[in-house]
Amino acid sequence: MQYSLAHTEQGQTLGITAKMANRHGLIAGATGTGKTVTLRKIAEAFSDDGVPVFLVDVKGDLSGLVQPGAMQGKIAERIEQFNLGGESYLSGYPVSFWDVFGETGIPLRTTISEMGPLLLSRLLNLNATQEGLLNLVFRVADDKGLLLIDLKDLRAMLKYVAENAKTFQVEYGNVSAASVGAIQRALLTLENEGAANLFGEPALNLEDWLQTRDGRGVINVLNSEKLINSPRMYSAFLLWLMAELFEQLPEVGDPDKPKFVMFFDEAHLLFDGAPSVLVDKVEQVVRLIRSKGVGIYFVTQNPLDLPDTVLGQLGNRVQHALRAFTPRDQKAVKSAAETFRSNPKVNVVEAISTLGVGQALVSFLDEKGMPTPVEIAYIFPPKSQLAPITAEQRTAWVKDDDLYAFYKDEVDNESAFEVLNAQADLAAVAQKQNEQEEGLLGRLAAVIFGTKKKSEQTVTEQLVGGVAKQVGRQIRNEVTKQIMRGLLGALKK
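Residues numbered from 1 in each chain as written. Predicted model: local features only at pLDDT ≥ 70, side-chain atom pairs only at ≥ 80, totals over all residues. Heavy atoms only, no water.

Undergrad: Residues and numbers for helix α11 (residues 327–338), please.
TA: Helical periodicity: at 3.6 residues per turn, an α-helix aligns residues three or four positions apart in one direction. Relative to the 16 Å expected for twelve residues at 1.5 Å per residue, α11 spans 17 Å between its end C-alpha atoms, a close match to the ideal helical length. Taken as a whole, α11 has its buried residues at Asp329, Ala332, Val333, Ser335, Ala336 and Ala337. Looking at the buried residues of α11, the elements they touch are β12 (316–319) and α12 (348–354). (Helix = DSSP H or I, 4+ residues; strand = E, 2+ residues; numbered from the N terminus. Expected span 1.5 Å × (residues − 1). Buried < 20%, exposed > 50% of the residue type's maximum accessible area, 1.4 Å probe, protein only. Contact = heavy atoms within 4.5 Å.)

The following block contains the structure:
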């Protein structure tokens, strides 16, 4: 099966082969050349075939997906030009709106434990020494069965490790007070950017994104208008999402169509300033996630924004116009031209600079996995409404979503913060009791009255019992909810 997406002036219809859709893709081009329209059209094609989709909406203009488009203007012109079926071509789509800040969609959360130390280090902009300490903190939390759910849990663990630095030094390594302070300050900065909304429970269950409605794949739209203002938080979350899918989904080999497709807009933010170890792991995930039936489509202005190791894995390509005003632009044009399978009828270098809005250089993988010769084509118009819906319509749509009731309210479950604070309180009371019992009157009472009966349990013994119950609860938590981290965040033991 082929998803029809474009039409050449010679009358040839071009599209992505369903079996090759998990070989990933690239949508590139300068601002205003039609990338977002192409993204929408490809997402709609997947949804029509029952494939769930994830989109990042960085401009807030994708909400119109829920409404059918209108037969007017350029849309009507293209529908008639390519005989797409008139009014019957137009359609709205099943959409779930998500928002890390919970303002324009279903609240979207993950946990500190699931994010892992590698991505958190990028999120916090830590140096190598500070990253090493963060790894140490995660290891201590794992060994003690302490769940790291939100930012206050991480703060509590940092404080706990700092206060017991000598205890952990032999087994885990040196604990630098300066590094602890630096991480604490970075957490404050991150919280000011709104990261407290990102971490918590109920955390996202990825199965909720792998849904269909009336035979069509649900399009999950993440509103990133506000999130994009914190590029590190934006990139860390998307990289975590990709890694989680890789870890959780079973191997399916080469299915007849993808199980899930993700579109990452402003893709350069995923790699800007990223350390080489993170880029290597992202490249590994992109390479291997294909076997899980997941397709990843990067959307960016310039193909040079992506590392060569990632770019080389993107088999389905739509290249909109690039402007060659500077030497770097000219290099990008030449580089983009070299990535296509040549077609003697198409001068790629010349065409890239002269493409009109809605036109693109297109090359998709054929059924054997070989890229087809590059063609100049017009991208089909989306079936849904181009203009966004109103804020009131969006709010009503979100609240009518079955998932909203489950995710709307944050739940503060027992985790590292509660456990460590409870243990500190118990230890303080126990110490005070011991000091009292060791006083002069306590010693005299012991001489006069002898040892206590078993039934006369001291406060200290009660406290010990309380700690035991706390540990028991924590063990049960560990059994029912294991601390797991994926490829980008695992602490291999």
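Read on, since the account is not over.
Undergrad: Give a description of unusual backbone geometry that names residues and reports values.
TA: Across the chain, the bulk of peptide bonds are trans and the bulk of non-glycine residues have phi less than zero. A cis amide bond, omega 5°, links Glu201 with the succeeding residue Pro202. Of note, the phi angle at Asn83 is positive, near 50°, even though the residue is not glycine. Examined against the element boundaries, Asn83 turns out to sit in the loop between α2 (73–81) and β5 (95–99). We note that Asp214 has phi near 55°; this positive angle belongs to a residue other than glycine. Along the chain, Asp214 turns up in the loop between β7 (212–213) and β8 (216–217). Of the residues examined, Asp214 reaches a relative accessible area of 84% and is grouped as exposed.

Undergrad: I'd love a proper account of the nonpolar core, names of residues and values included.
TA: Counting residues in hydrophobic clusters, the biggest one holds 126 residues, and the most contacted among them are Phe46, Phe54, Leu55, Met157, Phe263, Phe264 and Phe298. For Phe264, the contacting residues outside a window of four places in its chain are Phe54, Val56, Leu238, Met242, Leu270, Ile296, Tyr297, Phe298 and Val299. Judged by nonpolar contacts, the second largest core, of 13 residues, contains Ala321, Ala337, Ala351 and Leu355. (Core = buried A, V, L, I, M, F, W, Y, C linked by side-chain atoms within 4.5 Å.)

Undergrad: So what's going on with helix α3 (residues 112–124)? Which residues, and what values?
TA: Between its first and last C-alpha atoms α3 spans 12 Å; for 13 residues at 1.5 Å apiece the expected length is 18 Å, and the helix comes up short by more than 12%. At Leu118, α3 shows its strongest bend, of approximately 70°. Counting buried residues along α3, twelve of its 13 residues qualify, which places the element largely inside the surrounding structure. Within the span of α3, buried status applies to Ile112, Ser113, Met115, Gly116, Pro117, Leu118, Leu119, Leu120, Ser121, Arg122, Leu123 and Leu124. Structurally, α3 contributes buried residues whose contacts are with α4 (128–143), α5 (151–163), α7 (177–192), α8 (231–248) and α9 (276–288). Just downstream of α3 lies Asn125, where phi reads positive at about 60°. (Bend = angle between axes of the 7 residues up to and from the residue.)

Undergrad: So, the packing of α3 against α8: which residues are in play, and what are the values?
TA: The contact between α3 and α8 brings their axes to 9 Å, and the two run at 155°. When the interaxial angle is binned, α3 and α8 end up roughly antiparallel. With respect to the hand of their crossing, α3 and α8 are arranged in right-handed fashion. Facing Glu114, Met115, Leu119, Arg122, Leu123 and Leu124 of α3, the residues of α8 in contact are Arg232, Met233, Ser235, Ala236, Phe237, Leu239, Trp240 and Glu244. Residue composition of the contact of α3 with α8, grouped by class: nine nonpolar, one polar and four charged. (Axes fitted to C-alpha atoms, helices over the stretch in contact; angles between N-to-C directions. Parallel < 35°, antiparallel > 145°, perpendicular 65-115°, else oblique. Left-handed = near helix turned anticlockwise from the far one by under 90°. Nonpolar A, V, L, I, M, F, W, Y, C, P; charged D, E, K, R; others polar.)

Undergrad: Run through the pattern of salt bridges, naming residues and quoting values.
TA: All told, the structure shown has twelve salt bridges when counted by the stated rule. With its nearest N and O atoms 3.4 Å apart, the salt bridge here joins Arg287 to Glu283. Taken together, the residues span about one helical turn, with Arg287 and Glu283 both in helix α9 at a distance of four residues. With a closest N to O distance of 2.8 Å, Asp409 and Lys408 form a salt bridge. Judged by its relative accessible area of 45%, Asp409 falls in the partly exposed class. Classification of Lys408 by relative accessible area gives partly exposed; the value is 36%. Put simply, Arg23, Asp254 and Arg290 are held in one network by salt bridges that share partners. (Salt bridge = Lys/Arg side-chain N within 4 Å of Asp/Glu carboxyl O.)

By themselves these figures say nothing about function.
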